[in-house]
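Below, each chain spelled out in residue letters.
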Amino acid sequence: MTARGDDWDRLLAARLATHRLLETVPTGADRSTAITAVVDAILGAHAQVMVAGETSIGLRVGGATRSDVRHALEQDRTLVKAHGPRGTVHLLSADGLSRWVGAMGWIGTAGPTPPPAMRLTPEQADAVLAALGTVLLDVELTVDELDEAVIGATGPWAGDLVMPAFGGYWPRWRQLIGIAGHRGLLCFGRPRGRKVTYTSPRTWLPGFDPQPGVGAAVDLVHTYLAAYGPATAAEFAKWLAIRPGRAADLFAQAEADPRLERVDRDGAGCLRVAGAPDVEPRRDQVRLLPLFDAYGVGSQPRERIFPGRAAERALAGGQAGNFPVVLLDGVVAGVWHQRLSGSRVRITVEMFEGPTARRRRAIEEQADRVAAVLQARPEVAFGDISVGAHA
């Protein structure tokens, strides 16, 4: 593909459509099914901040609220809260977790090497993972209870306070929580008051069975490209936080899949979904996206999605997601902030260029939708936002 403006407009329109940001998903009689379809389309909703994940999903499903998302998670169990891309907490579908665990088992994880005093030997790591596979079956444990269970099943070394965290130290074994999630040994259970709990995916999702490795990995590439393509292997590596060489190997393997095709994007070799539908761009499409929304976090190239002033105001050290953003035709055109207080939510919007009357009305309509998802009454203001990232 060339770099003409109309090509980019169509590419962004197609991404918006795939991310269900042009039209919301109708719910019909089964809201959980619509919620699951959205979560699959965006490859999981970031839920390190739970309200952000609930908002990401709710904005894409007609009439949905954060209560509907929690019901799908805790009652219907069509969703599961687990460690997804980059080892961060996401809401995934039951089928999505099966593909995810299968894919990551084949791809492997890559993170920074911990300092010597913090490391686990290979034998210790195996012992911790084996323990997690046992102690979480048929139970939901708080992290303190899980500390006790893991240390009891392995040895006192697992409880050494060597992991710096939040001004204190965590036990040594906890550095494997993300890896345990990627291997299908651990996910989140129901909250116990204000405390999170952990359980086994086989407890949360009876019949859970990871997909075979290489097939699941190629399926993951296909789904990623449907949401973010055309994309390079390096962009996929950044989204997934894996070694670039491993991503290149996987793209080479995926290129044989007849569902995909190789294209050139501004001189960069990319893959995309073959025969993807052409989406006619629409003008003045305004959307408010919460913290860590999948569209902003995964979309590349950054300079196309966060041009000029957007890179200064909406990225933190080059990382997307730390600020809620205003999209205008798929491009970041502002930031916003919400403050929940009782039954009201105050939404302040800072546009990088003064909005036209039409865009202002569209922003107010979007603020109403955010408030509806949060089950609150909105107050909308326009002006500068002084709070920092992830506030």
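Our structure is the block above this text.
Residues numbered from 1 in each chain as written. Predicted model: local features only at pLDDT ≥ 70, side-chain atom pairs only at ≥ 80, totals over all residues. Heavy atoms only, no water.

Our focus in this paragraph is the overall build of the protein chain. A tally of regular secondary structure across the protein chain gives 16 helices and 15 strands. Its C-alpha radius of gyration of 21 Å places the protein chain within 12% of the 21 Å reference for a compact globule of 391 residues. Each principal axis of the C-alpha distribution contributes one length, and for the protein chain these read about 65 × 55 × 45 Å. Split into buried and exposed, the 391 residues of the protein chain put 51% on the buried side. Taking all contacts inside the protein chain whose residues are at least 6 apart in sequence as the whole, residues at least 24 apart take part in 65%. Surface accessibility of the protein chain: about 17000 Å² in total, with carbon and sulfur atoms responsible for 52%. Here the protein chain holds 44 positive side-chain charges and 43 negative ones, and the gap between their average locations is 4 Å. (Helix = DSSP H or I, 4+ residues; strand = E, 2+ residues; numbered from the N terminus. Rg over C-alpha atoms; globule rule 2.2 N^0.38 Å. Buried < 20%, exposed > 50% of the residue type's maximum accessible area, 1.4 Å probe, protein only. Contact = heavy atoms within 4.5 Å. Areas by Shrake-Rupley, 256 points an atom, 1.4 Å probe, with all protein chains shown as cover. Lys, Arg positive; Asp, Glu negative; His and termini not counted. Charge placed at Lys NZ, Arg CZ, Asp CG, Glu CD.)

Moving on to helix α16 (residues 357-374). Given a rise of 1.5 Å per residue, 18 residues ought to cover 26 Å, and the 26 Å separating the end C-alpha atoms of α16 matches this to within 8%. As for α16, its buried residues are in contact with α3 (50-58), α4 (66-76), β11 (286-289), β13 (331-341), β14 (344-351) and β15 (377-382). Following α16 by one or two positions, Gln375 has its phi on the positive side, about 60 degrees. (Expected span 1.5 Å × (residues − 1).)

Moving on, we get to the environment of Glu74. Structurally, Glu74 can be placed in helix α4. Expressed as a C-alpha distance, the spacing of Glu74 and Arg190, which sit 116 residues apart in the sequence, is 6.5 Å. Ignoring any residue separated from it by four or fewer positions in sequence, one finds Glu74 in contact with Pro191 and Trp204.

What follows deals with helix α5 (residues 94-107). A rise of 1.5 Å per residue sets the reference length of α5, with its 14 residues, at 20 Å; its end C-alpha atoms lie 20 Å apart and thus fit the reference within 8%. Counting buried residues along α5, 10 of its 14 residues qualify, which places the element largely inside the surrounding structure. Regarding α5, the residues found buried are Gly96, Leu97, Ser98, Arg99, Trp100, Val101, Gly102, Ala103, Met104 and Ile107. Where α5 ends, the next residue or the one after it, Gly108, has phi of about 85 degrees, a positive value.

Overall, mixed pairing links the 5 strands, which are arranged β11-β12-β13-β14-β15 in an open sheet. At either margin of the open sheet sits one strand with a lone partner, and together these are β11 and β15. Ignoring strand direction, the axes of neighbouring strands in this sheet form an average angle of 25 degrees. The pairing of β14 with β15 spans 6 bridges and is parallel. In the sheet register, Arg344 faces β15, and the bridge partner there is Arg377. Relative to the sheet, α16 contacts β11, β12 (325-328), β13, β14 and β15, its axis offset from that of β15 by approximately 145 degrees. (Pairing = 2+ DSSP bridges. Axes fitted to C-alpha atoms, helices over the stretch in contact; angles between N-to-C directions.)

Using the criterion set out here, one finds 7 aromatic pairs in the structure. Judged by centre distance (5.8 Å) and plane angle (50 degrees), the rings of Phe166 and Trp170 are tilted. Looking at Phe166, the relative accessible area reads 82%, which means it is exposed. Site record: aromatic cluster; members linked through ring pairs are Tyr224, Tyr228, Phe236, Trp239 and Phe251. The residue whose ring lies beneath Arg246 is Trp106, and the NZ or CZ to ring-centre distance is 4.4 Å. Above the plane of the ring of Phe382 lies Arg360, whose end atom (NZ or CZ) is 4.0 Å from the centre. (Phe/Tyr/Trp six-rings, centres within 6.5 Å; stacked < 30°, edge-to-face > 60°. Lys NZ or Arg CZ within 6 Å of the ring centre and 35° of its normal.)

Bringing the environment of Val263 into the picture now. Within the secondary structure layout, Val263 lies in strand β9 (residues 260-265). Separated by 28 residues in the primary sequence, Val263 and Leu291 place their C-alpha atoms 32 Å from one another. Not counting residues within four places of it along the chain, the set of residues in contact with Val263 comprises Pro230, Ala268, Gly269, Cys270 and Arg272.

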